[in-house]
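Residues per chain are reported as follows:
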There are 2 protein chains.
Amino acid sequence: MKQKSRSLPFDLHGLEIFLSVCDAGGMAAAAQELGITQPAVSFAIADLERRTGAALFDRKVRPLALTLTGSLMRQRASSLLADARQIPPMLRQVKLGKVALIRVGLVDSLSRAATVPLSNYLAEHAEEVSILSGLTAAHASELLTRRLDLFLGVDDLEETSGLERWEIMREPYVLLLSRSERRPRAVEDLIELAKSRPFIRFSARSRTGLEIERHLRRLGVEAAQSFEYDSPFAVAAMVASGRGFAISTPLCVAEAKFTNKELVTWPLPGPIVTRKLSVVARFRELGKIPRDVAEVAKSAFAPDLLKN
Amino acid sequence: MKQKSRSLPFDLHGLEIFLSVCDAGGMAAAAQELGITQPAVSFAIADLERRTGAALFDRKVRPLALTLTGSLMRQRASSLLADARQIPPMLRQVKLGKVALIRVGLVDSLSRAATVPLSNYLAEHAEEVSILSGLTAAHASELLTRRLDLFLGVDDLEETSGLERWEIMREPYVLLLSRSERRPRAVEDLIELAKSRPFIRFSARSRTGLEIERHLRRLGVEAAQSFEYDSPFAVAAMVASGRGFAISTPLCVAEAKFTNKELVTWPLPGPIVTRKLSVVARFRELGKIPRDVAEVAKSAFAPDLLKN
DNA sequence: CTGCCTGTATAAACTTTTTTTATATGTACT
DNA sequence: AGTACATATAAAAAAAGTTTATACAGGCAG
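My aim in this report is to walk through the structure given alongside it, one point at a time. (Residues numbered from 1 in each chain as written. Chains lettered and ligands numbered in written order. Predicted model: local features only at pLDDT ≥ 70, side-chain atom pairs only at ≥ 80, totals over all residues. Heavy atoms only, no water.)

**Describing the pattern of salt bridges**
Going through the model one piece at a time under the given rule, you end up with 35 salt bridges over all chains. For Arg201 of chain A, the salt bridge identified is with Glu228 of chain A, shortest N-O distance 3.8 Å. Here Arg201 of chain A is found in strand E8 (residues 199–202), whereas its partner Glu228 of chain A is found in strand E9 (residues 226–229), with 27 residues between them in sequence. Ionic contacts of the salt-bridge type, sharing partners, join the residues Asp83, Arg205 and Asp230 of chain A together with Glu142 and Arg147 of chain B into one network. (Salt bridge = Lys/Arg side-chain N within 4 Å of Asp/Glu carboxyl O. Helix = DSSP H or I, 4+ residues; strand = E, 2+ residues; numbered from the N terminus.)

**Examining the nonpolar core**
Within soluble globular proteins, side chains that are nonpolar tend to cluster in buried spots. In terms of nonpolar packing, the biggest core is built from 67 residues, with Phe10 and Phe18 of chain A together with Phe10, Leu12 and Phe18 of chain B touching the most fellow members. Discounting chain neighbours no more than four positions away, the residues touching Phe18 of chain A are Ile45, Leu48, Leu56, Phe57, Leu66, Gly70, Met73, Arg74 and Ala77 of chain A. Leu106 and Leu118 of chain A together with Leu176 and Phe227 of chain B belong to the second largest nonpolar core, which has 65 residues in total. (Core = buried A, V, L, I, M, F, W, Y, C linked by side-chain atoms within 4.5 Å. Buried < 20%, exposed > 50% of the residue type's maximum accessible area, 1.4 Å probe, protein only. Contact = heavy atoms within 4.5 Å.)

**Here we look at the packing of helix H1 (residues 12–24) of chain B against helix H2 (residues 27–34) of chain B**
Residue and element names in this part refer to chain B. Two numbers describe how H1 lies on H2: the axes approach to 8 Å, and their chain directions differ by 120°. In this structure, H1 crosses over H2, and the sense of that crossing is right-handed. For the pair H1 and H2, contact is made by Ile17, Ser20, Val21 and Ala24 and by Met27, Ala29, Ala30, Glu33 and Leu34, respectively. Here the contact of H1 with H2 is composed, by residue class, of seven nonpolar, one polar and one charged. (Axes fitted to C-alpha atoms, helices over the stretch in contact; angles between N-to-C directions. Left-handed = near helix turned anticlockwise from the far one by under 90°. Nonpolar A, V, L, I, M, F, W, Y, C, P; charged D, E, K, R; others polar.)

**Observations concerning the interface of chain B and chain A**
The interface of chain B with chain A comprises 71 residues on the first partner and 79 residues on the second. Linking chain B with chain A are five salt bridges, by the criterion used here. Notably, a salt bridge pairs Arg205 of chain B with Glu142 of chain A, separated by 3.1 Å at the nearest N-O pair. Counting the contacts that link chain B with chain A gives 20 residue pairs in polar contact (both at pLDDT 80 or more). Among the elements that line the side of chain B that touches chain A, the one with the most residues is helix H4 (residues 68–96) of chain B, at 20 residues. Of the residues assigned to the side of chain B that touches chain A, the class counts are 31 nonpolar, 20 polar and 20 charged. Alignment of strand E4 (residues 128–134) of chain A against strand E9 (residues 226–229) of chain B, held across four bridges, turns out to be parallel. Its bridge partner being in E9 of chain B, Ser130 of chain A is matched across the sheet by Glu228 of chain B. (Polar contact = N/O pair within 3.5 Å; in protein donor to acceptor, adjacent residues only side chain to side chain. Pairing = 2+ DSSP bridges.)

Structure representation (structure tokens):
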């Protein structure tokens, strides 16, 4: 049973060659650009096509044209390589300690509730305060590369050494529907819903988005068409406009400031899944600030939750 | 001269092994999980460390621990692989029928007004729609690296070749004060205000923030303490809470959904400065979509502006 | 339609990288 | 200190990728 199946049908090197061919407009030209021979390129492309099982180029036509699949591959490959190329410089940066400037990452779903109290607290500890919104995934790496000193966001399950964490709260994932939709009570209802209505989802770049995806896969829910957003407001707005359904959390919904007239939330059928929001900082670099920030955040949205 | 310099110090296979080691908690365990031998894993990790020039694991300690650099690598590698794994299913989908993915960057200040109409328009042209909020500066580079297909944001002054632009609108920068503050009519009043009250500003990472900074320097305004944010809501919220004053634009204020009771806007003393919002895309890759999107955006917030 | 030019595919030999078997070295725990 | 468990190293085997040489196909001129 020693199936030699790599989990992936390509590697970065193959994708680089593929993109070279796209950019150079031909295999011979790409070969020259890359400093390898033309057959090597030819082989790499053939290999990529064989392993993905998709025709990437249309050989029937002379100035080598991308197929539809090929264009998609170009899009994705290009973005993947752009990501990959950012990694080495980041790794190098990591190798490089009262604070004048405190830079804080704030996950979008806490933005509305926490911005002002957080600023008020931090104003006592720093001349300059910089609060940046966005996705936790981005914040986490910026923390490690020292572009942020602290962030409030979805806690990573895995314990990373060199960081300290202070829990703010936990909240369940909930189903978000437009007013007219009826409540799915069982997993089967949810599967049915997903077949008939588009799924409005959080970007897979966000930690929350990834967890929702994973959970849906576990439940066996498969979405038809899908729309993807990285801001809680956008997700809620789409659902409110009747475009489809979403999975979100109470805080994300509160952030978007929609009323119960436009949106309804229901418990998610199946097992209960929650997300944990925490304050994360580099270990012991900021003294008691991280713990205090967690306290501030906790009290900041405590009233909010009571309202819902 | 045959320098075998790959442009990247790792490939996906190496990263998979690295992540297995992280997850399994050891090289031997990872080897078993992957169905290869322990030395193969050992070698792959050593190779990864040698090529990236970074120590990923701390061998001095028994249950093999990640270094700080290692944690970052784990995060990035994990997200890179998650991206990579999404590609093959996508390719298959294309073969099955019409599937296109359109990825759009949307500057925060247009988020509220444009998300829904934009999605509605794009739904007719693609199976999947991905709308990512954030800063224009980030979007511009993602457009060039093909991680976005289109963005709506503050237009760069410099003409980058290979891009097409469609103007959506122009809007002036305005002064944002809390209700209790009196209106500064001359530049001198503004300079005085900046001395007595903290300046709430947009992050210098955002194009808007940079332009505001530049303008203030030209006017000779110097701020005492400063708070910095990258979301329009946060800036407005701070001003509304009486923490200080800000410079913003009508759309940014609308985005934050504050009422006239909490905030007042006044024309900026001194020369009039405006910002231009545009749709930007790679030249001719999307046919008429960019122009249409500009039209959709234009009509989307036209009513908004009339309200103010 | 035919033959030439340009550019891609294929074949066999060769080089490099990766994996394996075997064994040494190291860390933690008693 | 000794033992158990885990990682590192060495040399051989296997696999992958690259090169040279050559065959094949599409586009274009006559």
